[in-house]
Amino acid sequence: MSKNKGLSVIDSPFLVPDDGSFRVKKARTAPPKDAGDDDVQKARLRESVEQLDDLQRILYAHDHHSVLLLFQAMDAAGKDSTIRAVLTGVNPAGCEVHAFKRPTPQELDHDFLWRSARLLPERGRIGVFNRSYYEEVLAVKVHPEYLDAQRLRPGKQPKKFWKARYESIRDHERHLAANGTVILKFWLNVSKEEQRQRFLARLNEPEKNWKFEAGDVAERGHWDAYMQAYEDALNETSREHAPWYAIPADSKPYMRAAVADIVVSTLQQLDLRYPVSGEAEKAQFAALRAQLEAE
């Protein structure tokens with residue numbers, strides 16, 4: 001029986017349904033017109049950060065659930081800054097962030113879920129994946145030549161190959177959820193034009209030059225292929241126990257507030273509470289209190 005039984009997906013306009021009907025072309029990249037200005041969003045974020053700080057402390061003490069926050073996006077969508085903004089008030093002792101880059105030779109010698117599985121959060125902790133195993137059905141699907149390093153080939157039936165990978169991901173996430181991991185997945189949906197502007201800012205502002213990589217521009221040439229890969233992946237793997245949220249990313253303040261709201265609203269559904277001391281412990285505490293007070 002799932003340890004997360006009773007946990008419901010958040011009623012959000014950005015929730016990716018589990019019926020295969022999600023379409024990238026219909027997904028927002030800009031906030032709704034009635035969303036309010038940046039100051040409104042920053043106030044929303046501050047409130048959520050305060051709530052998340054409280055929830056994280058109880059989560060840690062309760063020690064029944066782990067939380068996995070997973071972020072995927074095109075370059076310059078704002079993954080790093082969103083993670084930093086949302087988790088800014090969380091005790092570092094109860095949170096771990098892992099950024100997945102190019103696989104190492106050791107990682108390539110294992111199955112594609114291995115390198116992330118060994119970094120999953122413990123009970124009581126929040127784990128964050130900045131990119132993840134989903135790269136294996138996103139970047140690798142757009143560039144199937146990457147499979148050469150894994151000594152794999154899609155063969156003459158590539159659809160069957162990718163279908164098997166989606167199935168592996170669904171099984172993996174179902175197993176995690178059944179064992180107490182709360183999974184929230186965020187696709188930060190930035191528009192191609194906004195990405196262009198952010199790339200230009202990285203080139204034009206010296207203090208941002210370090211963020212720029214020439215390969216990022218080359219990947220823009222595969223934009224349509226990436227959008228199709230995202231659409232396929234989200235449709236195949238958004239489930240009640242591991243939902244995807246397609247968050248508009250053209251406005252960073254709005255994006256950060258929207259992510260924080262979903263995280264807080266989800267954790268509030270858990271029956272989180274501080275442990276209650278038994279009678280024997282209470283008696284021991286009373287004796288120790290008396291000893292300390294007598295010094």
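Please read these numbers as outputs of a predicted model, since none were measured by experiment. (Residues numbered from 1 in each chain as written. Predicted model: local features only at pLDDT ≥ 70, side-chain atom pairs only at ≥ 80, totals over all residues. Heavy atoms only, no water.)

Just to check I follow, could you spell out the pattern of salt bridges for this structure?
Note on pairing: side chains with opposite charge can pair once their charged atoms come close. Counted by the stated rule, this structure contains 19 salt bridges. Arg115 is the salt-bridge partner of Glu107, the closest N and O atoms lying 3.3 Å from each other. Linking Arg273 and Asp271 is a salt bridge whose minimum nitrogen-to-oxygen distance equals 2.6 Å. (Salt bridge = Lys/Arg side-chain N within 4 Å of Asp/Glu carboxyl O.)

For this particular structure, what's the right way to read the side chain of Thr266?
With respect to the element layout, Thr266 can be found in helix α10 (residues 252–267). Classification of Thr266 by relative accessible area gives buried; the value is 3%. Excluding residues that lie within four positions of it along the chain, Thr266 makes contacts with Leu7, Ile10, Val182 and Leu184. (Helix = DSSP H or I, 4+ residues; strand = E, 2+ residues; numbered from the N terminus. Buried < 20%, exposed > 50% of the residue type's maximum accessible area, 1.4 Å probe, protein only. Contact = heavy atoms within 4.5 Å.)

Would you mind going over the pairing of strand β1 (residues 66–73) with me for this structure?
The two faces of the sheet receive side chains in turn, since in a regular strand these alternate between them. Extensive coverage of β1 is indicated by the burial of eight of its eight residues. Note that β1 and strand β4 (residues 181–189) share eight bridges and pair parallel. Each bridged residue has a counterpart across the sheet, and for Leu68 the counterpart in β4 is Ile183. (Pairing = 2+ DSSP bridges.)

What is the right way to read the nonpolar core from this model?
Soluble, globular proteins show a tendency: their nonpolar side chains are buried together. Counting residues in hydrophobic clusters, the biggest one holds 76 residues, and the most contacted among them are Leu52, Leu69, Leu87, Phe186, Trp187, Leu188 and Ile247. Broken down by element, the residue count for this core peaks at ten residues, all from α10. Among all residues touching Leu52, those that are not within four sequence positions of it are Val86, Leu87, Val90, Ile126, Val263, Val264 and Leu267. (Core = buried A, V, L, I, M, F, W, Y, C linked by side-chain atoms within 4.5 Å.)

Help me understand the packing of helix α2 (residues 79–86) against α10 in this model?
Any two packed helices are characterised by the angle at which their axes cross and by the distance between the axes. The geometry of α2 relative to α10 is characterised by a closest axis approach of 10 Å and an angle of 55° between their N-to-C directions. Here α2 is positioned oblique relative to α10, judged by the angle of their axes. The two elements α2 and α10 cross, and the hand of that crossing is right-handed. Between α2 and α10, the contacting residues are Ser81, Thr82, Ala85 and Val86 on the first element and Lys252, Met255, Arg256, Val259 and Ala260 on the second. Taken together, the residues of the contact of α2 with α10 break down into five nonpolar, two polar and two charged. (Axes fitted to C-alpha atoms, helices over the stretch in contact; angles between N-to-C directions. Parallel < 35°, antiparallel > 145°, perpendicular 65-115°, else oblique. Left-handed = near helix turned anticlockwise from the far one by under 90°. Nonpolar A, V, L, I, M, F, W, Y, C, P; charged D, E, K, R; others polar.)

Help me understand the environment of Leu119 in this model?
Tracing the backbone through its elements, the reader meets Leu119 in the loop between α4 (114–117) and β3 (126–130). Take Leu119: its relative accessible area is 26%, and that puts it in the partly exposed class. In sequence terms Leu119 and His98 are 21 residues apart; their C-alpha atoms lie 7.8 Å from each other. With residues near it in sequence (within four places) discarded, Leu119 still touches His98, Phe100 and Phe129.

How should the sheet that holds strand β5 (residues 244–248) be read in this particular structure?
Two pairing modes exist for strands in a sheet, parallel and antiparallel, and in both the strands are linked by backbone hydrogen bonds. Ordered by their spatial adjacency, five strands build an open sheet running β2-β3-β1-β4-β5, and the pairing between neighbours is parallel. Pairing within the sheet leaves two strands with one partner each, and these edge strands are β2 (95–99) and β5. The average angle at which neighbouring strand axes cross in this sheet is 20°, direction not considered. Here β2 runs beside β3; their pairing, made up of five bridges, is parallel. Within the sheet, the bridge partner assigned to Glu96 lies in β3 and is Gly127. Each of β1, β2, β3 and β4 is contacted by α2, which is oriented at about 150° to β1, the strand it contacts most.

Is there a simple way to think about the side chain of Glu173 in this case?
Along the chain, Glu173 falls in helix α6 (residues 158–178). In contact with Glu173, not counting residues within four places along its chain, are Tyr133, Tyr134, Ile183, Lys185, Thr237, His241 and Ala242.

Please clarify how the packing of aromatic side chains should be interpreted in this entry.
Each aromatic ring pair is specified by the distance between its two centres and by the angle formed by the two planes. Under the counting rule described, the total for this entry stands at nine aromatic pairs. Ring centres of Trp187 and Tyr230 lie 5.0 Å apart, and the angle between their planes is 25°; on these two criteria the pair is classed as stacked. Remark: Tyr230 occurs in helix α9 (residues 223–237) and Trp187 occurs in strand β4; sequence separation between them is 43 residues. Tyr230 carries the same exposure label as Trp187, and that label is buried. By way of ring pairs, the aromatic residues Phe22, Trp187 and Tyr230 are connected into one cluster. One residue, Arg165, lies across the ring of Phe112, its end atom 4.5 Å from the ring centre. (Phe/Tyr/Trp six-rings, centres within 6.5 Å; stacked < 30°, edge-to-face > 60°. Lys NZ or Arg CZ within 6 Å of the ring centre and 35° of its normal.)

Just distances and angles here, no functional claims.
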